[in-house]
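# Descriptive analysis of the structure
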Amino acid sequence: MKLRIIVPLALIAAGCSADVELTAIPAYPSVTELVAMLEAGETTSEAIVTELLSRADANASLNAFITLDGEAALARARELDAMRSRGEIAGPLHGIPLVAKDNIHVAGMPNTAGTPGLDGFVPPEDAPSVAALREAGAIVLGKTNLHELAFGITSDNAAYGAVGNPFDTSRIAGGSSGGTAAAVSAGMAPIGLGTDTGGSVRIPAALTGIVGFRPSTERYDSSAVTPISHTRDTVGIIGRNAMDVALLDTVLGGGALISAADPAELRLGIARDYYYSNIDQEIAPVVESALQALADAGVTLVDVDPENIAELDAQSSFPIALYETVEDLGAYLSGYATGLDFDSLASATASPDVNGLFASLSSGEGRIPREVYEAGLVAREEMRRVFRDYFETNDLDAMIFPTTPLAARPIKGSMQTVSLNGEQVPTFPTYIRNTDPASMAALPGISLPVGLTEQGLPVGMEIDGPEGSDRQLLAIAAALEQVFRFSARP
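Just so it is clear, the structure is predicted and the values come from calculations on it, not from any experiment.

When you line up the elements, G239 lands in strand β11 (residues 234-239). The exposure class assigned to G239 is buried, which follows from its relative accessible area of 0%. Taking the C-alpha atoms as reference points, G239 and S414, 175 residues apart in sequence, are found 26 Å from one another. Look past the residues within four positions of G239 in its chain and what remains in contact with it is V184, P190, I191, I210, V211 and V245.

Written out as structure tokens, the structure is:
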């Protein structure tokens, strides 16, 4: 299956119709930069969309998009430019293009969720997250590629092609929101939406050198999204910097605009026993350098671990996700009149790893017993208590750790295992090891780029905060960005 481009190429070539001299769009644009340029009259939304469509065409080999609706994006850009000329501003994102992962409903665009069975499903209405952003003036360029049904971290999709990493196209972009991350990292979009169940926003952001934010579970309205687990799923944001992410968070979750926290007033937990164990020697120097930079900036680093995280995560993570997948996907397929049930969707999956899992769930062999699921929910509540005590007892503002234990590995051969410190280890549990606990405990987490390995691959550090501390966590992230002073460019 190939990328849908719903736009005549002539529209891209024609460019902007304005009779003014415009400033060139930055190679790696941020929302903040584009908003300032639009307000100063240095560019137009039409010019921005035209440029980004051209970049998407030039970077088609990354397989970042499944659907690219340039015609609608250009039409909406012209409408917003006309509104601006009359002094009418829709909201804080007026004229800003963005992308959405192809499991988040966008009215009139296919919502494939990266799987062949849903290839013809076109939702009539926007998901609430998309509707809120459009009401604030945003423009949806298109729908981005992902690991099939969001069930993986490589975004090696057999139906729509593997998503390439802009830093090394032979390597994984991470997942499951790999297409959104690749689009933002390569400069095809300033920001975008993904979804995060166990790390699917933070992992690809870390592997492609950008910022990925998972909010506290239920902070955003995450309905009208192809589900995995209602207990764990959330819409998340992938952008170039923390302030951009914070701006979208005000639209999706509310709250006043933030300013960066004072590093000298921060106390961050360093949970070395769990989060730093067996990290790859390629990323270890970058991680330690980032911690030293924080200490030099006056951040207080507290070496203390939350208790029993590995055990509680093992008891809750997969039992909850796999039990709820069968029920939640079945309800979704019937509720949106897709013409499919769980078994027919499962039989149509294309990627070997996803097909094997869904075949097992469909046959009943891999189903999670009800009592195991209920025990998982109890373990989840215990994990939430553990993290509450961890932050409160140690007077911590947040905790910090490597987002992933290793950098991006080659696409080829990574479906089942990857190399970590000279050993072959299972791909999925290895990459989600550090991101999964926050998902289980409903914590907000944000991955920030902090440096490159000797091979030139990005390394991310994640900060997690107490449940509900989203705006404070974003202010901390903005402060840490200034400390790290690192901006990755592919």
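Back to the write-up after that little detour.
What follows is about the packing of helix α11 (residues 309-335) against helix α14 (residues 370-393). At a minimum axis separation of 8 Å, α11 and α14 run at an interaxial angle of 135°. In terms of orientation, α11 and α14 fall into the oblique class. Classified by chirality, the crossing of α14 by α11 is left-handed. Taking contact as the criterion, the partners of I309, L312, D313, Q315, S316, P319, I320, Y323 and E324 in α11 are, on α14, R370, V372, Y373, G376, L377, A379, R380, E382, M383, V386 and F387.

One recurring pattern in soluble globular proteins is that nonpolar side chains are buried together. In this structure, F387, I400 and L480 are the most contacted members of the largest nonpolar core, which totals 136 residues. Ignoring sequence-local partners within four residues, the contact set of I400 consists of L268, G269, I270, Y276, L291, L294, M461, E462, I463, L480 and F484.

Moving on: the pairing of strand β17 (residues 445-452). Each regular strand carries side chains that alternate between the two faces of the sheet. With seven of eight residues buried, β17 is to be regarded as a mostly interior element. Judged from the three bridges that link them, strand β10 (residues 211-214) and β17 form a sheet pairing that is antiparallel. When the sheet's bridge partners are listed, R214 is paired in β17 with G445. With seven bridges joining them, β17 and strand β18 (residues 458-464) adopt antiparallel strand pairing. The partner of P449 across the bridge, within β18, is G460. Between the end of β17 and the start of β18, which pair antiparallel, lie five residues, with G456 showing a positive phi angle near 80°.

Using the criterion set out here, one finds eleven aromatic pairs in the structure. Consider the rings of F151 and F358, whose centres lie 5.1 Å apart with planes at 85°: the pair is edge-to-face. With F151 in the loop between β4 (139-144) and β5 (156-157) and F358 in helix α13 (residues 352-363), the pair connects residues that are 207 residues apart, well separated along the chain. Neither residue differs from the other here; F151 and F358 are each classed as buried. Here Y323 and Y373 contribute two aromatic rings whose centre-to-centre distance is 4.1 Å and whose plane-to-plane angle is 10°, an arrangement assigned as stacked. One end of the pair, Y323, is in helix α11; the other, Y373, is in helix α14, and 50 residues separate them in sequence. Taking the relative accessible area as the measure of exposure, Y323 reaches 13% and is therefore buried.

Attention now moves to the environment of E392. Mapped onto the fold, E392 is located in helix α14. Note: C-alpha distance between E392 and P466 (74 residues apart in sequence) is 8.9 Å.

At a minimum axis separation of 11 Å, α11 and α13 run at an interaxial angle of 75°. In terms of their interaxial angle, α11 and α13 are classed as roughly perpendicular. Here L322, T325, V326 and L329 of α11 lie close against α13, whose contacting residues are L357, F358 and L361. Along the lines of polarity and charge, the residues of the contact of α11 with α13 split into six nonpolar, one polar and no charged.

Let us now look at helix α5 (residues 128-135). Along α5, the residues that are buried comprise S129, V130 and L133. Along α5, the residues classed as buried sweep out an arc of 95° about the axis, all on the same side. Against β3 (97-101), β4, β9 (191-196), β11 and α8 (242-253) lie the buried residues of α5. Immediately downstream of α5, the backbone of G137 shows phi near 105°, a positive value.

Quick notes on the rules
Residues numbered from 1 in each chain as written. Predicted model: local features only at pLDDT ≥ 70, side-chain atom pairs only at ≥ 80, totals over all residues. Heavy atoms only, no water. Helix = DSSP H or I, 4+ residues; strand = E, 2+ residues; numbered from the N terminus. Buried < 20%, exposed > 50% of the residue type's maximum accessible area, 1.4 Å probe, protein only. Contact = heavy atoms within 4.5 Å. Axes fitted to C-alpha atoms, helices over the stretch in contact; angles between N-to-C directions. Parallel < 35°, antiparallel > 145°, perpendicular 65-115°, else oblique. Left-handed = near helix turned anticlockwise from the far one by under 90°. Core = buried A, V, L, I, M, F, W, Y, C linked by side-chain atoms within 4.5 Å. Pairing = 2+ DSSP bridges. Phe/Tyr/Trp six-rings, centres within 6.5 Å; stacked < 30°, edge-to-face > 60°. Nonpolar A, V, L, I, M, F, W, Y, C, P; charged D, E, K, R; others polar. Arc of directions from axis to C-beta.

None of this, on its own, says anything about what the molecule does.
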